[in-house]
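This is what each chain is made of:
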Number of protein chains: 2
Amino acid sequence: MERRLDQDLERIRHNLLRMGGSVEDMVAKANQALVDRDSALCEEVVRLDNDVDQLELDIDDACLSVLSRMQPIARDLRFLVAVMKINSDLERIGDSAVNIAQSVYQINQQPPLKPYIDLPRMSQLVRKMVRESLDAFVNRDVELAQAVMAGDDAVDDLYKQLFRELSSYMIEDPTTVSRALHLLLLARNLERIADHATNIAEDVIYYVEGKDVRHHSLAQANAGNGEPVSRSAL
Amino acid sequence: MERRLDQDLERIRHNLLRMGGSVEDMVAKANQALVDRDSALCEEVVRLDNDVDQLELDIDDACLSVLSRMQPIARDLRFLVAVMKINSDLERIGDSAVNIAQSVYQINQQPPLKPYIDLPRMSQLVRKMVRESLDAFVNRDVELAQAVMAGDDAVDDLYKQLFRELSSYMIEDPTTVSRALHLLLLARNLERIADHATNIAEDVIYYVEGKDVRHHSLAQANAGNGEPVSRSAL
């Protein structure tokens, strides 16, 4: 017979994945709203966020309930702590998706500035990072978690490239300032989502391998970036 | 004789407050670096962030250790969960302070765009929110936590005002684009720090009053803002 604890943990895992699916969907819909200039999709993103907020509270409650009723130790305890951290990152990914939808709504009120190529690519990369960070969690896959962390650099590079490009637009033609600023904020929010996926990947490594590896992985991340803080540098 | 558990919790609380003091100091130094055009202070912010990152790991380890050795319940359990959440927000405040220092460093390479009045005011408001959210935690002061949450609106208003003002600069004079963009990112990071302080205040209410109040407080925050997501709206 399955332990009661295992059933509880399984239900929590299930809800966390449902939440992950929802935020990925939100990011995809926000991107579609930009590409198709379909502002109705923006409202759908905002609606979906209410479900995500409710799931966050439910998952936190379930974790606390298991912690106080069952007093799990070792791997089960680390699982619950990881879930609570991942839960918080997923909720903030939802918030960023809403920010993106709000930017898209503004952008769609004006003529298109240019064909959108880099932003959809960035959105796709970012969604892949979110999905793979959760796959890594479910499958206790440290290698995949490390691949997610490595993917953050590609997103940062795309962001920097967009930043330069949009700055040039603004300098050359002041009538583009408002649109370019909204596109820039959109890109910034995508970049933040990639940071959250990176946080999740770090939590996965901690969950699977324990504390020494987390210290190590943070040191690696810093060394790779050449800066003391890599998560949300400009 | 004091319980061993109480001693452990006291040590964790002490470290969390030390971390809070450090990130507040980082935000203050980043602001001073802007006002005094003193880029050496930017490097100090980056250095301080290493201590903050280490404190985050130490606090998480201490919480996990207490959870697995002592299996606390009820209020002690909620305290530890709140600490882990607050810990994560403080670490990200540190990251935002580093981002600000990086923006200031860029800004200080160019002639000043205008006298800085709103940004120092915003920085001061934000630091007050961070300090008071931690005071609310230590003193289990729900009213103060609610005041912190209310303060977020003032910061959002200042951000929106700066956004409009800096957009106008860019439209009227393209030579200001680069500086204005860095100032805008700086303001955006201040606004994010205020969001983190708001998160901390929400965690305090959850810690003190339990889940029903947290649901309530979230509903209030949404209603007050008139938007489904208030934390990081544009």
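Everything that follows concerns the structure shown earlier in this document.
Nothing here was measured: the structure is a model prediction, and the numbers come from that model.

Rules and cut-offs
- Residues numbered from 1 in each chain as written.
- Chains lettered and ligands numbered in written order.
- Predicted model: local features only at pLDDT ≥ 70, side-chain atom pairs only at ≥ 80, totals over all residues.
- Heavy atoms only, no water.
- Helix = DSSP H or I, 4+ residues; strand = E, 2+ residues; numbered from the N terminus.
- Buried < 20%, exposed > 50% of the residue type's maximum accessible area, 1.4 Å probe, protein only.
- Contact = heavy atoms within 4.5 Å.
- Core = buried A, V, L, I, M, F, W, Y, C linked by side-chain atoms within 4.5 Å.
- Phe/Tyr/Trp six-rings, centres within 6.5 Å; stacked < 30°, edge-to-face > 60°.
- Expected span 1.5 Å × (residues − 1).
- Salt bridge = Lys/Arg side-chain N within 4 Å of Asp/Glu carboxyl O.
- Axes fitted to C-alpha atoms, helices over the stretch in contact; angles between N-to-C directions.
- Parallel < 35°, antiparallel > 145°, perpendicular 65-115°, else oblique.
- Left-handed = near helix turned anticlockwise from the far one by under 90°.
- Nonpolar A, V, L, I, M, F, W, Y, C, P; charged D, E, K, R; others polar.

Q: Explain the overall build of chain A here, please?
A: Secondary structure summary: chain A contains seven helices and zero strands in total. For chain A, the sequential pattern of α-helices and β-strands runs α-α-α-α-α-α-α. Expressed as a percentage of the 234 residues in chain A, the buried residues total 59%. When contacts within chain A are restricted to residue pairs at least 6 apart in sequence, those whose partners lie at least 24 apart make up 84%.

Q: I'm lost on the nonpolar core in this one. Help?
A: One recurring pattern in soluble globular proteins: nonpolar side chains tend to sit buried together. L90 and F137 of chain A together with L90, F137 and M170 of chain B are the most contacted members of the largest nonpolar core, which totals 158 residues. Those residues in contact with L90 of chain B that sit more than four places away from it in its chain are L16, M19, G20, V23, V52, L134 and I200 of chain B.

Q: Is there a simple way to think about the side chain of D76 of chain B in this case?
A: Residue and element names in this part refer to chain B. By secondary structure assignment, the location of D76 is in helix α3 (residues 74-107). The class for D76 is buried, based on a relative accessible area of 18%. Setting aside anything within four residues of it in sequence, one finds D76 in contact with R3, L5 and L9.

Q: Can you walk me through the packing of aromatic side chains in this structure?
A: For any pair of aromatic rings, the description consists of the separation of the ring centres together with the inter-plane angle of the planes. All names here are of chain B. Applying the stated criterion across every chain yields a total of eight aromatic pairs over all chains. The interplanar angle of 55 degrees and the centroid separation of 6.3 Å between the aromatic rings of Y159 and F163 together place this pair among those described as tilted. Of this pair, Y159 and F163 both sit in helix α5 (residues 142-172), four residues apart, which is roughly one turn of the helix. Take Y159: its relative accessible area is 2%, and that puts it in the buried class.

Q: Is there a simple way to think about helix α2 (residues 40-70) of chain A in this case?
A: Every α-helical turn comprises 3.6 residues, leaving residues that sit three or four positions apart pointing alike. Across its 31 residues, α2 of chain A extends 45 Å between first and last C-alpha, which sits within 8% of the 45 Å expected from 1.5 Å per residue. Following α2 of chain A by one or two positions, Q71 of chain A adopts a phi angle in the positive range, close to 40 degrees.

Q: Would you take a moment to explain helix α1 (residues 4-35) of chain A for this structure?
A: Between its first and last C-alpha, α1 of chain A extends 47 Å over 32 residues, near the 46 Å set by a 1.5 Å rise per residue. One or two positions beyond α1 of chain A, positive phi appears at R37 of chain A, with a value near 50 degrees.

Q: Mind showing me how you'd approach the pattern of salt bridges here?
A: Side-chain pairs of opposite charge can arise whenever the charged atoms involved come near each other. All names here are of chain A. Under the defined criterion, the tally for this structure stands at 30 salt bridges over all chains. For R11, the salt bridge goes to D8, with nearest N and O atoms at 3.7 Å. You can see R11 and its partner D8 sitting in helix α1, three residues apart, about one turn around the helix. Judged by its relative accessible area of 51%, R11 is exposed.

Q: Would you take a moment to explain the packing of helix α6 (residues 177-209) of chain A against helix α6 (residues 177-209) of chain B for this structure?
A: Relative placement of two packed helices is described by the angle separating their axes and the distance separating the axes. Where α6 of chain A meets α6 of chain B, the axes come as close as 13 Å, and the angle between the chain directions of the two elements is 45 degrees. Classified by the interaxial angle, the pair formed by α6 of chain A and α6 of chain B is oblique. Between α6 of chain A and α6 of chain B lies a crossing of right-handed hand. Residues L181, L184, L185, R188, N189 and R192 of chain A of α6 of chain A lie in contact with α6 of chain B, whose contacting residues are L181, L184, L185, R188, N189 and R192 of chain B. Grouping the amino acids of the contact of α6 of chain A with α6 of chain B by side-chain chemistry returns six nonpolar, two polar and four charged.

Q: Is there a simple way to explain the packing of helix α3 (residues 74-107) of chain A against helix α2 (residues 40-70) of chain B in this structure?
A: The N-to-C vectors of α3 of chain A and α2 of chain B enclose an angle of 135 degrees; their axes lie 11 Å apart at closest approach. The orientation of α3 of chain A with respect to α2 of chain B, classified from their angle, is oblique. For the crossing formed where α3 of chain A meets α2 of chain B, the hand is right-handed. Facing α3 of chain A, whose interface residues are L77, V81 and K85 of chain A, α2 of chain B presents D60, L64, L67 and S68 of chain B. Tallied by class, residues from the contact of α3 of chain A with α2 of chain B come to four nonpolar, one polar and two charged.

Q: So what exactly am I meant to see when it comes to the environment of L67 of chain A here?
A: Tracing the backbone through its elements, the reader meets L67 of chain A in helix α2. In contact with L67 of chain A, not counting residues within four places along its chain, are P72, L77, L80 and M84 of chain A together with L77 and V81 of chain B.

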